[in-house]
Structure formats: structure tokens, C-alpha cells
Amino acid sequence: AQSVTQPDIHITVSEGASLELRCNYSYGATPYLFWYVQSPGQGLQLLLKYFSGDTLVQGIKGFEAEFKRSQSSFNLRKPSVHWSDAAEYFCAVGGNFNKFYFGSGTKLNVKP
Amino acid sequence: DGGITQSPKYLFRKEGQNVTLSCEQNLNHDAMYWYRQDPGQGLRLIYYSQIVNDFQKGDIAEGYSVSREKKESFPLTVTSAQKNPTAFYLCASSINVVIQGSNQPQHFGDGTRLSIL
């Protein structure tokens, strides 16, 4: 069965520091993987997606993610965090009939 | 601009009352989805529809009902049978998946927060 684990519930980083949010998935076939961001009281916005090919994918707002099949991971990274990046981040894996399975989310706080 | 509109943004339900959450999209997407979001639990799928006049139960369909009479609309009714309806509800849509084993990104509305009076 498909599932997604985001081990970190909360992360705090200083503005300008680098960021890595962890995501581990469980899926029998080649996964389709997604990262979304959610600001308080808002819907989810797609940051990036992995379908196939290059294992390092670039997204919006300066984010990137690396697919590592051997580790069943799809970690999200950003070299330099901005205060506006404070939000909740969700990793998802796509299943049959385009049903998505979401992780429980990681809340990012950014210290000035 | 194309997008997904959910209304109302805030909704209050009395005991024993059914309430309906609206979801409209003008993205010309065939597939639509309803999720429930609770703190610390991520998003859980309630119902989804891949085409007009057809829909399937998701993981937590009990106490909810939907209809899909138009491509643009996918309303969710929270019935009195749903004993713990307080949550944030998100509607999403996507291009229909025609190749088995593939996926398309889902696009989300801004949600409806439902509370009990």
C-alpha cells in the first residue's frame, strides 16, 4: 500500500540558512512524487513534481527535490530560506486513479 | 484566471443538520476530489470523481455524500451521520489520468473551515 512519511513535524531555521525537509514513501512501482506548500487558512500550492528522468527536479520559489530510489526518499531543499517560506509543507505520492497519499506535513518556522 | 472556488470560507453546523460545501472549477478538469484536513494528520481523501455522473468513495467517506452533475461542480454534503465534522475541507481537481500507473498534479481551492455550533 502507498504511504508517505514526513518525520519532522516542526522545523525552525534562520533566515538565509539552508533547508532540507524529509519525505519517505512506500510504493511498489515507479512513484510519481509531489511537494506542496500551504500557508495558514489557504489551499495547497504545487511546488514541484517528479515523474521520471532526472532525479533532481527544480520547482517554484527556488525549491528543488531529489529522488533517491534506493532510500525511498524525495527530500525538499532550498539553499537560502526567506521569511516568506514559513508555511506547512506536504509530500505526496500518486496512486491508482490519481488518488494521492499525503504525508502529515512539516511546519517550517523561519527565525529573523 | 482559471482556478477552483470553494464556498463558503467558514461554515457552522448545528447538531443534526446537513450542510453542503461548494466546489466549482473553471480549469476544464475532468477529475475532482474532496479531502479532509485535521491538524497533524495531513490530507485524507473523502470522495473523488473522474468523470461527470460518476464518483467513488475515498478512505473516509462515512457520513459524507457528493454529486457530480456538471463537470465544473462537485459539492460535498456533510450529513448528521458524521459525528466529528469539525475540520478544514479542501477540494481539488486534475486532468484525468488516461494512462494506468501515471499521475497528474492536483490543483486545490482555498478550503472551507467547518465548525460545530
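Refer to the structure printed above.
Residues numbered from 1 in each chain as written. Chains lettered and ligands numbered in written order. Predicted model: local features only at pLDDT ≥ 70, side-chain atom pairs only at ≥ 80, totals over all residues. Heavy atoms only, no water.

Q: Tell me what's going on with the overall build of chain B, and back it up with residues and numbers.
A: Across its full length, chain B carries 0 helices and 11 strands. Along its sequence from the N terminus, chain B presents helices and strands in the succession β-β-β-β-β-β-β-β-β-β-β. By the compact-globule yardstick of 13 Å for 117 residues, chain B fits well, its C-alpha radius of gyration being 14 Å. The principal-axis extent of the C-alpha atoms belonging to chain B is close to 45 × 30 × 30 Å. For chain B, the residues scored as buried account for 50% of the 117 residues in total. By sequence separation, contacts in chain B at least 24 residues apart represent 54% of the contacts at least 6 residues apart. Taken as two groups, the 11 positive and 11 negative side-chain charges of chain B have centres that lie 7 Å from each other. (Helix = DSSP H or I, 4+ residues; strand = E, 2+ residues; numbered from the N terminus. Rg over C-alpha atoms; globule rule 2.2 N^0.38 Å. Buried < 20%, exposed > 50% of the residue type's maximum accessible area, 1.4 Å probe, protein only. Contact = heavy atoms within 4.5 Å. Lys, Arg positive; Asp, Glu negative; His and termini not counted. Charge placed at Lys NZ, Arg CZ, Asp CG, Glu CD.)

Q: Can you tell me about unusual backbone geometry, naming the residues and giving the values?
A: All names here are of chain B. The omega torsion of the bond from S7 to P8 falls at -10°, within 30 degrees of zero and hence cis. Turning to its location among the elements, P8 is positioned in the loop between β1 (4–7) and β2 (10–13). In this structure, N28 is a non-glycine residue whose phi angle is positive, near 60°. Checked against the element boundaries, N28 lands in the loop between β3 (19–25) and β4 (31–37). At N53, a residue that is not glycine, the phi angle is positive and equals roughly 65°. For N53, the position within the fold is in the loop between β5 (43–51) and β6 (54–57). We classify N53 as exposed; its relative accessible area is 62%.

Q: Describe the layout of surface pockets, and please don't skip the residues or the numbers.
A: Its boundaries defined by the atoms lining it, the largest pocket holds a volume of some 430 Å³. If you go around the largest pocket, you meet 21 residues; those closest to its centre are Q38, E88 and K107 of chain A together with Q37 and P39 of chain B. Elements with a contribution of two residues or more to the lining of the largest pocket: β10 (87–94) of chain A together with β9 (87–94) of chain B. For the lining of the largest pocket, the class distribution of residues is 7 nonpolar, 10 polar and 4 charged. (1 Å grid on protein atoms, 1.4 Å probe; cavity = no way out; pocket = protein on both sides within 12 Å on 5 of 7 lines; lining within 4 Å. Points joined across faces, edges and corners; volume = space filled by probe spheres on them. Nonpolar A, V, L, I, M, F, W, Y, C, P; charged D, E, K, R; others polar.)

Q: Break down the side chain of N75 of chain A for me, citing the residues and quoting the values.
A: Residues and elements named next belong to chain A. Counting through the fold element by element, N75 comes out in strand β9 (residues 73–78). By relative accessible area, N75 is classed as buried at 15%. There is a polar contact of 3.2 Å between the side chain of N75 and the side chain of E20. A polar atom in the side chain of N75 sits 2.9 Å from the backbone nitrogen of C23. Sequence-distant contacts of N75, defined by excluding residues within four places in its chain, comprise E20, L21, R22, C23, W35, E64, A65 and E66. (Polar contact = N/O pair within 3.5 Å; in protein donor to acceptor, adjacent residues only side chain to side chain.)

Q: Talk me through the pairing of β2 of chain B; I want residue IDs and the actual numbers.
A: Residues and elements named next belong to chain B. On β2, burial follows the alternation: L11 and R13 on one face are buried, whereas Y10 and F12 on the facing-out side are not. As paired elements, β2 and strand β11 (residues 112–116) share 4 bridges and run parallel to each other. Across the sheet, residue Y10 finds its bridge partner in β11, namely R113. (Pairing = 2+ DSSP bridges.)

Q: Describe the pairing of β10 of chain A, naming the residues involved and giving the relevant values.
A: Residues and elements named next belong to chain A. The buried fraction of β10 amounts to 8 of the 8 residues, a majority that puts the element mostly inside the structure. Judged from the 6 bridges that link them, strand β5 (residues 33–38) and β10 form a sheet pairing that is antiparallel. Residue pairing in the sheet places Y36 in a bridge with F90 of β10. Inspection of the sheet shows β10 paired to strand β12 (residues 106–111) by 3 bridges, in the antiparallel sense. Bridge pairing links Y89 to T106 in β12. Here 3 bridges tie β10 to strand β11 (residues 100–102), and the two strands are oriented antiparallel to one another. Looking across to β11, one finds that V93 is bridged to Y101.

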